[in-house]
Amino acid sequence: MKKVSLLFLNIGIIWGCWAESPKREFRATWLASVSNIDWPKSTQTSEEQKAALIKIFDGMQAARMNAVWLQVRPMSDALYNSAYEPWSKFLTGTRGVDPGYDPLAFAIEEAHKRGMELHAWINPYRYESEKNMNGADDPIRKNHPEWLLEYSSSFILDPGNPEVIEYLVKVIKDIVTKYNVDGIVFDDYFYPYEGTKNEDAYSQNLYKPEGKNVGDWRRENCNKLIADIYAMIQETKPTVKFGIGPFGIWGGSSSVAASYGIEYLNTSGGTSAYSQLYCDGVAWLKAKTIDYISPQCYWPSFNTHVWGYKTLVPWWAKVAKTMDRHFYSSMRISTMPQNSPQRMKSVLRRLGMSENEYNGLSMVERSIAATAAKGTEECGFEVDMNRSTDLMGAPGHVFFNTTQFFSYGLDTYVAENKFTEPALTPVMSWKTPCDLPDITDISVSGNMLSWSADADETIRYAVYFVPSRVANNPQTYETSAYLKRITWEKSIDVSSYTQSGYVYAITAIDSYGNESQPYIKTPSGVQSGIVDGLVVYGGSGAIYVSVPKDMDIYIYSFTGQLIRMVRVSGGNSEITVPAGMYIVNGTKVAVQ
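Thresholds applied
Residues numbered from 1 in each chain as written. Predicted model: local features only at pLDDT ≥ 70, side-chain atom pairs only at ≥ 80, totals over all residues. Heavy atoms only, no water. Helix = DSSP H or I, 4+ residues; strand = E, 2+ residues; numbered from the N terminus. Buried < 20%, exposed > 50% of the residue type's maximum accessible area, 1.4 Å probe, protein only. Polar contact = N/O pair within 3.5 Å; in protein donor to acceptor, adjacent residues only side chain to side chain. Contact = heavy atoms within 4.5 Å. Patch = residues over 30% accessible without salt bridge, like charges linked within 9 Å, V, L, I, M, F, W, Y side chains within 5 Å. Areas by Shrake-Rupley, 256 points an atom, 1.4 Å probe, with all protein chains shown as cover. Salt bridge = Lys/Arg side-chain N within 4 Å of Asp/Glu carboxyl O. Pairing = 2+ DSSP bridges. Axes fitted to C-alpha atoms, helices over the stretch in contact; angles between N-to-C directions. Core = buried A, V, L, I, M, F, W, Y, C linked by side-chain atoms within 4.5 Å. Expected span 1.5 Å × (residues − 1). Right-handed = clockwise from strand over helix to strand, strands pointing away.

Draft legend 1. Region of interest: the side chain of Glu128. Here Glu128 lies in strand E4 (residues 126-128). Exposure remark for Glu128: the relative accessible area of 0% places this residue in the buried category. A distance of 3.2 Å separates the side chain of Glu128 from the backbone nitrogen of Met133, its partner in a polar contact. Not counting the four nearest positions on each side in its chain, Glu128 is found in contact with Met75, Met133, Asn134, Gly135, Arg141, Ser154 and Phe155.

Draft legend 2. Region of interest: a nonpolar patch on the surface. On the surface, Tyr554, Tyr556, Leu562 and Met565 cluster together into a nonpolar patch covering about 360 Å² of accessible area. One can find Met565 in strand E24 (residues 562-568). Take Met565: its relative accessible area is 46%, and that puts it in the partly exposed class.

Draft legend 3. Quick look at the sheet that holds strand E22 (residues 542-547). Strand order in this open sheet of 3 strands is E21-E22-E25, and the pairing throughout is antiparallel. Two strands lie at the open edges of the sheet, namely strand E21 (535-538) and strand E25 (571-576), each paired on one side alone. Averaged over all pairs of adjacent strands, the angle between their axes in this sheet comes to 15 degrees, without regard to strand direction.

Draft legend 4. Molecular detail of unusual backbone geometry. Pro40 follows Trp39 through a cis peptide bond whose omega is -5 degrees. Mapped onto the fold, Pro40 is located in the loop between strand E1 (26-31) and helix H2 (46-62). Looking along the chain, the bond that leaves Phe400 and enters Asn401 is cis, with omega of 0 degrees. For Asn401, the location among the structural elements is in the loop between strand E12 (396-400) and helix H17 (402-407). A positive phi is found at Asn36, a non-glycine position, where the angle reads about 55 degrees. One non-glycine residue, Lys288, lies in the positive phi region at around 60 degrees. The topology assignment puts Lys288 in the loop between helix H11 (281-287) and strand E9 (292-293). On the accessibility criterion, Lys288 (33% relative accessible area) is partly exposed.

Draft legend 5. Spatial organisation of the nonpolar core. Ranked by size, the top nonpolar core spans 122 residues in total, and within it Phe57 and Ile184 carry the most contacts. Beyond its immediate stretch of four places on either side in the chain, Phe57 contacts Leu31, Val68, Ala107, Glu110, Ala111, Arg114, Met116 and Leu118.

Draft legend 6. How the structure looks around the sheet that holds E4. One open sheet accounts for 3 strands, arranged E4-E6-E5; its pairing is antiparallel. Only two strands of the sheet have a single partner each, and these edge strands are E4 and strand E5 (148-150). Ignoring which end each strand starts from, the neighbouring axes of this sheet average 35 degrees apart. Looking at chain direction, E5 and strand E6 (residues 155-157) are connected through 3 bridges and run antiparallel. Counterpart to Leu148 in the pairing with E6 is Leu157.

Draft legend 7. Summary view of helix H6 (residues 162-178). With 17 residues, H6 should reach 24 Å at 1.5 Å per residue; the first-to-last C-alpha distance of 25 Å fits that figure. All of the buried residues in H6 are Val164, Ile165, Tyr167, Leu168, Val169, Val171, Ile172, Asp174, Ile175 and Val176. The N-terminus of H6 is capped by Asn161, whose side-chain oxygen sits 2.9 Å from the backbone nitrogen of Glu163.

Draft legend 8. A look at helix H12 (residues 309-323). With 15 residues, H12 should cover 21 Å at 1.5 Å per step; its first-to-last C-alpha distance of 21 Å lies within 8% of that length. When we look at burial in H12, the residues that qualify are Tyr309, Leu312, Val313, Trp315, Trp316, Ala317, Val319, Ala320 and Met323. Packed against the buried residues of H12 are helix H9 (254-260), H11, E9, strand E10 (326-327), strand E11 (329-332) and helix H16 (377-389). The positive-phi residue at the C-terminal boundary of H12 is Asp324, with phi of around 60 degrees.

Draft legend 9. View of the pattern of salt bridges. In total, this model carries 26 salt bridges according to the counting rule given. Between Glu220 and Lys212 there is a salt bridge, and its shortest N-O distance comes to 2.7 Å. For Glu220, a relative accessible area of 40% gives the class partly exposed. Look at Lys212 and you get partly exposed, because its relative accessible area is 28%.

Draft legend 10. Highlighting the pairing of strand E2 (residues 67-73). Counting buried positions along E2 gives 7 out of 7 residues, so the element sits mostly inside the fold. By the bridge criterion, 2 bridges tie E1 to E2 in an arrangement that is parallel. By the bridge assignment for E2, Leu31 is matched with Leu70. Assessed by its sense of winding, the connection that carries the chain from E1 through H2 to E2 is right-handed. For E2 and strand E3 (residues 117-122), the ladder comprises 6 bridges, and the chain directions are parallel. Paired with Leu70 across the strands is Ala120, a residue of E3.

See the structure below:
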């Protein structure tokens, strides 16, 4: 009996850690198109591809995800109407064939309907993962063969060629200009993993300064592309976020770490992004040429190397804090095995038990342990760790890949255990906030809640369903407890939110996560935001006010004439007035 109590206690500690669903965190999946990993399937018609994407997005919405990273340029091609590159073969099976619709435009529209940001995932340098798969007549191979670097089994665009940098900036500007994407994200493909010897001799001879260390020069090539992309976005459409998901091990030396003012992490023995891929994520953070970094921390918590999840995540969180940028951890689902020796060892380690102790448990006790071992325990641990080590108020979880997110049952698991409420994406405090619109004409017709707002396509809305007794308390909106929906549209179905004694509240949110004060739909009117805790609305022959403390109430006619000034006590008050339209402490009120 003693063992059962201890087992329940330890499992409670595991699953109880960070049980609250934060109001702000980044929740996304990598949605891979390369080799048709996730979507689309080239054997499907355009309508079948659309239906398949809607099914994926519906599942993500049910899991309360708030972003998706859709791969739109896997191999110098396009899942969108590009001015520079051919349609991707992963759409139809043949490179250059129009799929009959614009997948990126469709994906943005459907993601926004479900309250999710869409970040266009770009592979900047990858040209071919297998030699000659793009054909001899492909525009880049035909017109600019000097742009290509040849490796043992692949080709990439040469990072050291300034013309390649200019070309890539144009390609991405084309996306930013034509599409309402919320972000641009690069993955981990820079110089190839197999290593670079002298494949870039052509550009070295032309562009590398004499005496310059070749490694430093290659890193500077990548850094320049990142800086130029960021500058282009700020000039073209600054509301678009820019992030990168590099290899998880940075790998810079102690002297380089010291020059950046960060803690050195000795990861010798692991692949180094810094010295093997010439990919310096810390440099981008320090230069502030990215808004977020999402290192691929693809080693589970039970990995005993220094680059295991429990080591990398706290280190990256500290680096991001030092550089005042966001860190969203990328997590590999295939390292979260459902039923395996590693899985059981991981669970037993967390429970503080040996295998012999486990074998000595009763069947009831074993069933409890097995529940914790079904494949979600590692996911739960990583989510909790992302939250507990975050230093920016901006935890982030990005799962690779989307298909496994569903097949492993993580969608159901996170919805029931970790993402129990919707979440807004974190605020990017270094960005200049956008002007947020007033929300007016809030009304309910049948099952539809609708409102008006004079806003552009970048503004989204959060809908709260709040007990009327706390609707005027600003602290009510600081948690996710009453947050129900996020949407770019100006109406939602509220048939699930009809409980008496509650009111609807709507806020406007800009691209950087800044949120307006709530606009409240009261039983008899609209409260235009909470001002000093005041809630005011009109009823039959009276104005009703609710205030947290004693307050002067000024009632004006619509022509600007002061009708009455009333001192009310904290709580609820009723002020009798004739029917008409009034301005009460800056709020429009209709009295019947």
